[in-house]
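What follows is each chain in one-letter form.
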Amino acid sequence: MKKLITTLTNIWKIEDLRGRIINTLLFLLIYRIGCHVVLPGVNPDALATGQKEGLLGLLDMFAGGSFSRSAIFALGVMPYISASIVVQLLGIAVPAFQKMQKEGESGRKKMNQITRYLTLGITIVQAVAYVKTQIEPGAKTIADPMFTILAAIVLTAGTLFVMWLGEKITDKGIGNGISLIIMAGIIAQLPGGAVAEWASRMSPSGGGIIPILVEAIALFFIVIFTILIVQGVRKIPVQYAKKIVGNKQVGGVRQYIPLKVNAAGVMPIIFAQAIMFLPMSLAQFFPSLQSDFLTSLTNFTSVAYNVTFAVLIIAFTFFYTAIMVNPQQMSEDMKKNGGFVPGIKPGYDTNLFIDNVISRITFPGAVFLAIIAIMPSLASAAGVNNQFAHFYGGTSLLILVGVVLDTLQQIESHLLMRHYDGLMKTGRVKGRSAVGVEGYDQSAI
């Protein structure tokens, strides 16, 4: 406790860090207020109540519940994330985007501008679709088409404002703004889920306090397990040749390539959830195609759903890792900078060695990611309230763990830079991003 008080005191003493934390909290407060402002022309009392399921439930969680409230921030930052993923993939497949990536700061600015324009286009399409499909006709107090046009404009402006808030948090606050906004939306759902679980367990047939304690202990170990997956790396040593520059000798140092066990992050789960949403859509639009197997795929606690979901996650983990981590580029960058893996010839042999290491560590990472992803289903099958079961794994827990680690790492760097102790007695907090050898920045993944 004394260590904690001392650390908080040191954080408050640093004027720049104190200002950044206050700015971050104020920006997040503005976002949370906007999540409760209903769209103009919508009667909130006439909206359908109940928790969204499937992909819509994921969108509602990312948006902090504003998706189900028909708020001005209902689309949240998902259009921006979708645009960022598209631009990121274009940077791998399209030569023009690859050239921009190599142009340094000017290229990054161009890609950011393209991402913003693409976000605008995606938001307009999603806003119209949201108004047409998610708002009941009885909740509209303005007749169409005026309501659709007005609501689409407000939703688009709301998403662009949230994107601007995220950029301001990154510039003026602490941590990654977009990630913190998503985390704020997820955490906002936690009190309601905890209260619902408490009420369920305290009911006459709920089991009392013992199941709640068991659930709390299980959640603690799941979080520890998730941290291990997020933090796990396989370090490949890289030795640099000595050079004589002028009258000085440079190089001759050993660095490491930190290959992450889970290099794909949460993307495989998001892709797999989007695929698993298809059986539900087929069952709704084509009733004649319904079968026992198709019906089981719409129940997220069924064996068929979880096995299919886990297989998709493992497959997408290998696919996304292959796209985002380029062993050939890494070996070429090392060769250009006079680096080599001890005992491995530069060039093709280094490329093959790194590729084999990635393949070996990706499989256990993919299996562990699949286990984390199906944990909410297992928790729900064990009797945990569905609203609270989402925090036992899946995308929400991975995002929470990753964002908290990144933010703590930035706070610790401010403390260490001013010669204060870090946040921990031993060791240092590590975020998701890590810079490896020269020319290879793993923060991109």
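Everything numeric in this text was worked out from a predicted model, so none of it was measured.

Asks: Could you give an account of the overall build of the protein chain, naming the residues involved and the relevant values?
Replies: When helices and strands are tallied, the protein chain shows 17 helices and five strands. Counting all 445 residues of the protein chain, 42% fall into the buried class. Across the protein chain, the fraction of contacts at a sequence separation of at least 24, relative to all contacts at a separation of at least 6, is 70%. By element, 66% of the accessible surface of the protein chain is carried by carbon and sulfur atoms, the whole surface being about 22700 Å².

Asks: Can you lay out the side chain of Thr350 for me, pointing to particular residues and giving the numbers?
Replies: Inspection of the secondary structure assignment puts Thr350 in helix α15 (residues 348–381). Relative accessible area serves as the criterion here: at 2%, Thr350 is assigned to the buried category. At a separation of 2.7 Å, a polar atom in the side chain of Thr350 contacts the main-chain carbonyl oxygen of Lys345. Beyond its immediate sequence surroundings of up to four residues, Thr350 is in contact with Ser331, Met334, Val341, Ile344 and Lys345.

Asks: Describe the packing of aromatic side chains, with residues and values.
Replies: Overall, the coordinates contain nine aromatic pairs when judged by the stated rule. Relative to Phe73, the ring of Tyr31 lies with its centre 5.9 Å away and its plane at 10°, an arrangement referred to as stacked. Highlighted residues: Tyr31 in helix α2 (residues 15–34) and Phe73 in the loop between α4 (66–69) and α5 (78–93), separated in sequence by 42 residues. Side by side, Tyr31 and Phe73 carry an identical accessibility label, which is buried. Both rings, one in Phe220 and one in Phe221, keep their centres 5.5 Å apart while their planes meet at 80°; by these two values the pair is edge-to-face. Members of the aromatic cluster, joined through ring pairs, are Tyr31, Phe73, Phe161 and Trp164. Positioned over the ring face of Tyr256 is Lys235, at 5.9 Å from the centre of the ring.

Asks: Tell me what's going on with the pairing of strand β1 (residues 233–240), and back it up with residues and numbers.
Replies: Summarising the sheet, β1 and strand β4 (residues 254–260) pair through seven bridges and their orientation is antiparallel. Bridge pairing in β4 places Lys235 opposite Pro258. In this sheet, strand β5 (residues 339–340) lies alongside β1 in antiparallel orientation, the contact comprising two bridges. Among the inter-strand pairings, Tyr240 is bridged to a residue of β5, identified as Gly339.

Asks: Go over the packing of helix α8 (residues 146–172) against helix α9 (residues 177–201), please, and point to the residues and values.
Replies: Where α8 meets α9, the axes come as close as 7 Å, and the angle between the chain directions of the two elements is 115°. Across the interface between the two elements, Val162, Met163, Leu165, Gly166, Ile169 and Thr170 from α8 touch Gly177, Ile178, Leu180 and Ile181 from α9. Partitioned by chemical class, the residues of the contact of α8 with α9 number seven nonpolar, three polar and no charged.

Reading guide: rules and limits
Residues numbered from 1 in each chain as written. Predicted model: local features only at pLDDT ≥ 70, side-chain atom pairs only at ≥ 80, totals over all residues. Heavy atoms only, no water. Helix = DSSP H or I, 4+ residues; strand = E, 2+ residues; numbered from the N terminus. Buried < 20%, exposed > 50% of the residue type's maximum accessible area, 1.4 Å probe, protein only. Contact = heavy atoms within 4.5 Å. Areas by Shrake-Rupley, 256 points an atom, 1.4 Å probe, with all protein chains shown as cover. Polar contact = N/O pair within 3.5 Å; in protein donor to acceptor, adjacent residues only side chain to side chain. Phe/Tyr/Trp six-rings, centres within 6.5 Å; stacked < 30°, edge-to-face > 60°. Lys NZ or Arg CZ within 6 Å of the ring centre and 35° of its normal. Pairing = 2+ DSSP bridges. Axes fitted to C-alpha atoms, helices over the stretch in contact; angles between N-to-C directions. Nonpolar A, V, L, I, M, F, W, Y, C, P; charged D, E, K, R; others polar.

Any functional reading would require information beyond the geometric quantities listed.
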